[in-house]
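Overview (structure and organization)
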Amino acid sequence: MNKARKNYINDCRISQLVTLNLGGYPQKVLIEGYKSDLPVVIALHGGPGSPVPFGVGCRGLFPEWTKKAIMVFWDQLGCGANNYKIGDNFKIENFVDMTVDLITEIKARFPQNKLFLFGVSWGSILALEAAARVPEKLNGALVYGQITKNLFFNNEIKSAFFNAPVKVQGKIAKIFSDGTNCDYKILDKNLKTLYKLLNKHTNAYTNKNAKPVPVGKIAKGLLTSPDYSFADFKAVVKNGYNGNQSLWRELLNADYSQIFSKITVPYAVLQGDTDTVTSTSAVKAAAESCNNKNVTVKIIKNSGHMPSQAAMEECFNTLCELIK
């Protein structure tokens with residue numbers, strides 16, 4: 001860890017690792033903020049099981065964020081500092097329950113501070129469900145890459161391969177023909193193939209025309225974290241979600257678009273214009289049809305499902321506006 005990071009941690013009014021009981025499981029949570037009277041933001045990472053960039057290992061790593069808000073960093077059960085085997089008895093609802101428990105615990109610690117959620121991809125489901133369930137404990141939410149319905153299996157992804165080689169189009173046709181309810185070994189293989197083809201032939205995941213987030217710098221920061229062992233660092237990537245079928249089965253067949261109408265707090269959605277994984281057109285349609293002024297959608301140019309550096313800056317700026 002460099003000297004500047006150490007000095008910043010020492011200067012923070014709040015910088016502590018706590019263990020909270022979430023959903024019946026003791027879990028490590030990092031709470032960090034430059035001042036104690038700032039708004040509180042709970043970060044809900046993607047995946048399931050991908051606590052990057054905002055996880056327990058990022059103490060002192062994002063001073064621009066923690067000078068604006070008291071950030072709550074949680075490696076969701078099954079990864080990073082909270083590695084645990086996620087068996088097929090786990091459902092999405094279990095993680096929503098954990099999120100609500102975290103909101104309750106944090107609100108009890110900071111009863112006078114405004115409280116917000118910041119969810120990305122899979123974390124957008126947790127943010128949406130929690131905002132609908134306990135709005136009285138929240139002041140708003142911001143998400144990037146909102147999951148609504150038809151995850152991966154949508155017409156936009158089919159269209160994205162229109163100019164791809166015939167062999168690639170054949171693979172895509174086979175994947176869609178197999179669908180989401182085929183044998184899980186086939187489904188798992190198809191999803192991995194689809195991921196590779198999307199990265200190679202489209203801008204669905206990472207927009208090739210935009211500057212990417214400096215992942216290497218973040219990884220180095222996690223590796224030198226005072227709160228991560230090497231095993232925790234490894235569990236950022238290879239973790240307890242390996243082999244789980246239940247969560248992906250639910251995700252691929254879920255439809256969250258109707259929940260938008262139930263949101264009673266400000267709920268801002270940022271969406272990459274080339275994101276066909278969590279279909280941007282489906283997000284826009286859901287937001288428009290819900291007739292709810294609390295829900296807003298902004299499209300970020302030249303950004304896919306994985307936010308570009310410009311998209312992350314837009315997330316930061318939007319969050320600053322939301323919490324002020």
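The following refers to the structure shown. Since the structure is predicted, the reported quantities are computational estimates derived from the model, not experimental observations.

Once that is clear, we can look at the pairing of strand E6 (residues 140-144). Within E6, 5 of the 5 residues are buried, leaving the element largely enclosed by the surrounding structure. Where burial is concerned, the two faces of E6 agree: the one with Gly140, Leu142 and Tyr144 and the one with Ala141 and Val143 are both buried. Both strand E5 (residues 115-120) and E6 contribute to a ladder of 5 bridges, which runs parallel. Along E6, the bridge assignment pairs Phe116 with Gly140. Once the chain exits E5 it traverses helix H4 (residues 122-133) before rejoining the sheet at E6, and the crossover so formed is right-handed. Inspection of the sheet shows E6 paired to strand E7 (residues 267-272) by 4 bridges, in the parallel sense. The residue bridging Tyr144 from the neighbouring strand is Leu270, located in E7.

Strand order in the open sheet formed by 8 strands is E1-E2-E4-E3-E5-E6-E7-E8, with mixed pairing between adjacent strands. Strand pairing shows two members of the sheet lacking a second neighbour, strand E1 (14-22) and strand E8 (295-300), which therefore form its edges. Averaged over neighbouring strand pairs, the angle between their axes works out to 20° when direction is ignored. Taken together, the 6 bridges between E7 and E8 define a ladder with parallel strand orientation. What sits directly across from Gly272, in E8, is Ile300. Contacts from helix H3 (residues 92-109) reach E1, strand E2 (25-33), strand E3 (40-44), strand E4 (70-74) and E5 within the one sheet, and its direction differs from that of E1 by about 130°.

Applying the stated criterion across every chain, the model contains 19 aromatic pairs. Considering the side-chain rings of Phe54 and Phe62, the 4.9 Å spacing of their centres and the 70° angle between planes classify their relative orientation as edge-to-face. Taken individually, Phe54 and Phe62 each receive the classification buried, so the pair is uniform in this respect. Consider the rings of Phe152 and Trp248, whose centres lie 6.3 Å apart with planes at 45°: the pair is tilted. Residue Phe152 is located in the loop between E6 and helix H5 (155-160), and its partner Trp248 is located in helix H10 (residues 246-253); the two are separated by 96 residues in the primary sequence. Residue classification places Trp248 among the partly exposed positions, given a relative accessible area of 24%. An aromatic cluster is defined as three or more aromatic residues linked by ring pairs; in this entry it consists of Tyr25, Tyr84, Phe90, Phe95, Trp122 and Tyr241. In this structure, Lys67 packs its charged tip against the face of Tyr34, placed 5.4 Å from the ring centre.

It is worth spelling out the packing of helix H6 (residues 166-178) against helix H7 (residues 184-201) at this point. Between H6 and H7, the shortest axis-to-axis distance is 10 Å and the interhelical angle comes to 145°. Viewed along their axes, H6 and H7 form a crossing whose handedness is left-handed. Across the interface between the two elements, Val168, Lys171, Ile172, Ile175 and Asp178 from H6 touch Ile186, Asn190, Thr193, Leu194, Leu197 and His201 from H7.

Let us look at the side chain of Asn239. As for its placement among the helices and strands, Asn239 is situated in the loop between helix H9 (230-234) and H10. Setting aside residues up to four positions removed in sequence, Asn239 forms contacts with Gly49, Gly78, Cys79 and Asn83.

This next bit is on the nonpolar core. Among the nonpolar cores identified, the biggest contains 77 residues, and Phe95, Phe152 and Tyr267 are the most heavily contacted of them. When residues of this core are assigned to their parent elements, the largest contribution, 8 residues, is made by H3. If sequence neighbours within four positions are ignored, Tyr267 has contacts with Ser124, Ala127, Leu128, Ala131, Ala141, Val143, Gln146, Phe260, Asn294, Val295 and Thr296. Counting residues in each nonpolar core, the second largest holds 31 residues, with Cys58, Phe73, Cys315 and Phe316 among its members.

What follows covers unusual backbone geometry. Residues Gly47 and Pro48 are joined by a peptide bond in cis, for which omega reads 5°. Within the secondary structure, Pro48 is located in the loop between E3 and helix H2 (63-66). Geometrically, the link from Val52 to Pro53 is a cis peptide bond, its omega value of 0° lying close to zero. In this fold, Pro53 is placed in the loop between E3 and H2.

Here is what the cut-offs are and how they apply
- Residues numbered from 1 in each chain as written.
- Predicted model: local features only at pLDDT ≥ 70, side-chain atom pairs only at ≥ 80, totals over all residues.
- Heavy atoms only, no water.
- Buried < 20%, exposed > 50% of the residue type's maximum accessible area, 1.4 Å probe, protein only.
- Helix = DSSP H or I, 4+ residues; strand = E, 2+ residues; numbered from the N terminus.
- Pairing = 2+ DSSP bridges.
- Right-handed = clockwise from strand over helix to strand, strands pointing away.
- Axes fitted to C-alpha atoms, helices over the stretch in contact; angles between N-to-C directions.
- Contact = heavy atoms within 4.5 Å.
- Phe/Tyr/Trp six-rings, centres within 6.5 Å; stacked < 30°, edge-to-face > 60°.
- Lys NZ or Arg CZ within 6 Å of the ring centre and 35° of its normal.
- Left-handed = near helix turned anticlockwise from the far one by under 90°.
- Core = buried A, V, L, I, M, F, W, Y, C linked by side-chain atoms within 4.5 Å.

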